[in-house]
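Observations on the model geometry
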Amino acid sequence: MIRSKDELDKMRRAGRVVAEMLEETRAAIRPGVTTRELNDVAAEVIERRGARSNFLNYHGFPAVICTSPNDMIVHGIPGEYVLREGDIISVDAGAIVEGYHGDAAYTAAVGTVSPLAARLIEVTERSLWAGIDQLVAGSRLHEVGRAVQKVAEAAGFSVVREYVGHAIGTEMHETPQVPNYWPGTPGPTLKSGMVYAVEPMVNVGRYETVALDDGWSVVTADGQLSAHFEHTIAVTDDGPEVFTRP
Ligand code: MG
């Protein structure tokens, strides 16, 4: 869908709220902090900005962010989990301003992490930016996934197949989807005014996933580490514009 100037401006404002959620939760990450405390930090940003949460009550989700440590890929529920030195923690945040959505995520190191964990975080973030670089009018959407996959696999890692990025606007998850791999068929042609959430989930080991009994948390099937980075980005005449950049 092509968004008007007015709609893009609302999405820009939603993106700024999400960027603050990323910034402030990141600043709160250290050993001894619970994932519930990170959620409280994010909820305070939403409240202060007069925004609404798109995560809270989404199919019954009980929090304003997802917190997914270590081998958890996405959709972890904030709670009593205490961050420990050496953990990695993925934080996924979203907000609504005047009916328009923003959505973004990052993975952070808790204190000092293993060289492998540090490399996973670096490669996953780099794969996101490689994907973002493809959001150029006249190109095709599948180039995003192709670029993400190339970066992740060149590092010896794998890209999750079962969860993907998405168009975003008046709903958090709109069509089309944005796979982080070559999907086998070409995607739509990109036009100025389209907005996408690009969100590579990269695993150290195999890409298979397992959903836990809480109905939300998704972990790697092989128990190895996973990282997740995401931004909400518009295709513009001047190239990709990242709405959720802190
Ligand atoms: Mg998303």
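For the structure, see preceding data.
Basis of the calculations
Residues numbered from 1 in each chain as written. Predicted model: local features only at pLDDT ≥ 70, side-chain atom pairs only at ≥ 80, totals over all residues. Heavy atoms only, no water. Donors = N, O, S within 2.8 Å, 3.2 Å for Na, K, Ca; no water. Helix = DSSP H or I, 4+ residues; strand = E, 2+ residues; numbered from the N terminus. Buried < 20%, exposed > 50% of the residue type's maximum accessible area, 1.4 Å probe, protein only. Axes fitted to C-alpha atoms, helices over the stretch in contact; angles between N-to-C directions. Left-handed = near helix turned anticlockwise from the far one by under 90°. Contact = heavy atoms within 4.5 Å. Nonpolar A, V, L, I, M, F, W, Y, C, P; charged D, E, K, R; others polar. Salt bridge = Lys/Arg side-chain N within 4 Å of Asp/Glu carboxyl O. Core = buried A, V, L, I, M, F, W, Y, C linked by side-chain atoms within 4.5 Å. 1 Å grid on protein atoms, 1.4 Å probe; cavity = no way out; pocket = protein on both sides within 12 Å on 5 of 7 lines; lining within 4 Å. Points joined across faces, edges and corners; volume = space filled by probe spheres on them.

Within the protein, the magnesium ion binds to Asp103 (OD), His166 (NE2), Glu199 (OE) and Glu230 (OE); these donor distances fall in the range 2.1 to 2.3 Å. Motif for the magnesium ion, donor spacing along one chain: D-x62-H-x32-E-x30-E. Of this pair, Glu199 sits in the loop between β8 (195–198) and β9 (201–203) while Glu230 sits in the loop between β12 (226–228) and β13 (231–236), and the two are 31 residues apart along the sequence. When sorted by exposure, Glu199 lands in the same class as Glu230, which is buried.

Two elements in contact, helix α1 (residues 5–28) and helix α2 (residues 35–48), have axes separated by 9 Å at closest approach and are oriented at 150°. As for how α1 packs across α2, the hand of that crossing is right-handed. Contacts between α1 and α2 involve Val17, Glu20, Met21, Glu24, Thr25 and Ala28 on the former and, on the latter, Leu38, Val41, Ala42, Val45, Ile46 and Arg48. Here the contact of α1 with α2 is built from residues that sort into eight nonpolar, one polar and three charged.

Further remarks concern the pattern of salt bridges. One pass over the full model with this rule turns up 15 salt bridges. Between Glu174 and Arg3 there is a salt bridge; the shortest N-O distance is 2.7 Å. Residue Glu174 is found in strand β7 (residues 174–178), and its partner Arg3 is found in the segment before α1; the two are separated by 171 residues along the sequence. Of the two residues, Glu174 and Arg3, both sit in the buried class. The partner of Arg13 in a salt bridge is Glu98, with the nearest N and O atoms 2.7 Å apart.

To continue, consider the nonpolar core. Core analysis: the largest hydrophobic core is formed by 59 residues, its most contacted members being Met21, Ile29, Leu38, Ile65, Leu135, Tyr196 and Val198. When residues of this core are traced back to their parent elements, those giving at least two are α1, α2, β3 (88–97), β4 (100–109), α3 (115–132), α4 (142–154), β8 and β13. With seven residues, α3 is the single largest residue contributor to this core. Those residues in contact with Ile65, other than ones at most four positions away along the chain, are Met21, Thr25, Leu38, Asn39, Ala42, Phe55, Gly76, Pro78, Val91, Asp92 and Ala93.

A word on empty space enclosed by the protein. Regions of empty space are outlined by a rolling probe, equal in size to a water molecule, passed over the atoms. Evaluated as defined, the whole model comprises one cavity of 30 Å³ or more. Of the pockets and cavities examined, the largest cavity occupies roughly 50 Å³. Secondary-structure elements contributing two or more residues to the lining of the largest cavity are β7 and β8. Tallying contributions element by element places β7 first for the lining of the largest cavity, with three residues.

Any link to function would need more than the numbers given here.
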